[in-house]
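Listed here are the chains, written in short residue letters.
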Amino acid sequence: QLQLVESGGGLVQAGGSLRLSCAASGRTFSIYAMAWFRQAPGKEREFAAGISSSGRTTSYADSVKGRFTISRDNAQNTVYLQMNSLKPEDTAVYYCAAKRGLGSPKRLEYEYDYWGQGTQVTVSS
């Protein structure tokens, strides 16, 4: 079992930055690929960014590439999402997800085994 708790969401003006954190319980965090998904009001949840268990491979949705950076600290059992140049269309609930195993991060929800409760990010224009 792995429990995930997100933090760092909030209200920010367009062009601003936020850093999300996802703290994981358990001693085997380093064997999980991690990802951030997001769900905007009235829309389906979508992949935003992912990182392999080692941290050597990352993947981004085209909509966030160049603005968001995913990273992880396996010693601290934490994954981060640095979000810069935020836009109103980035407004969503952001979820942390974990998938056991090696390999590149996946982009589909069903690939992931554990989910956090989500943290709200609101970008005002």
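If you're wondering where the values come from, they're calculated on a predicted model, not measured in any experiment.

Asker: Any chance you could explain the sheet that holds strand β1 (residues 4–7) here in plain terms?
Answerer: Read across the open sheet, the four strands follow the order β1-β3-β8-β7; overall the sheet is antiparallel. The sheet is open, and its two borders are formed by β1 and β7 (68–73), each paired with just one other strand. Put simply, the sheet's adjacent strands are angled 15° from each other on average, direction ignored. Pairing geometry for β7 and strand β8 (residues 78–83), over six bridges, is antiparallel. The partner of Ser71 across the bridge, within β8, is Tyr80.

Asker: When you look at the layout of surface pockets in this model, what are you seeing that I'm missing?
Answerer: If a probe the size of a water molecule is rolled over the atoms, the empty space left behind becomes visible. Put simply, the largest pocket is a space of about 170 Å³. As for the largest pocket, its lining consists of 13 residues, and the residues nearest its centre are Arg38, Lys43, Glu46, Glu89 and Asp90. Here the lining of the largest pocket is composed, by residue class, of two nonpolar, three polar and eight charged.

Asker: Help me out: how do you make sense of the environment of Val93 in this one?
Answerer: For Val93, the position within the fold is in strand β9 (residues 92–100). Considered as a pair, Val93 and Arg38 are 55 residues apart in the sequence and their alpha carbons are 5.5 Å apart. The residues touching Val93, leaving out its near neighbours within four places in the chain, are Phe37, Arg38, Gln39, Gly118, Thr119 and Gln120.

Conventions adopted
Residues numbered from 1 in each chain as written. Predicted model: local features only at pLDDT ≥ 70, side-chain atom pairs only at ≥ 80, totals over all residues. Heavy atoms only, no water. Pairing = 2+ DSSP bridges. Helix = DSSP H or I, 4+ residues; strand = E, 2+ residues; numbered from the N terminus. Axes fitted to C-alpha atoms, helices over the stretch in contact; angles between N-to-C directions. 1 Å grid on protein atoms, 1.4 Å probe; cavity = no way out; pocket = protein on both sides within 12 Å on 5 of 7 lines; lining within 4 Å. Points joined across faces, edges and corners; volume = space filled by probe spheres on them. Nonpolar A, V, L, I, M, F, W, Y, C, P; charged D, E, K, R; others polar. Contact = heavy atoms within 4.5 Å.

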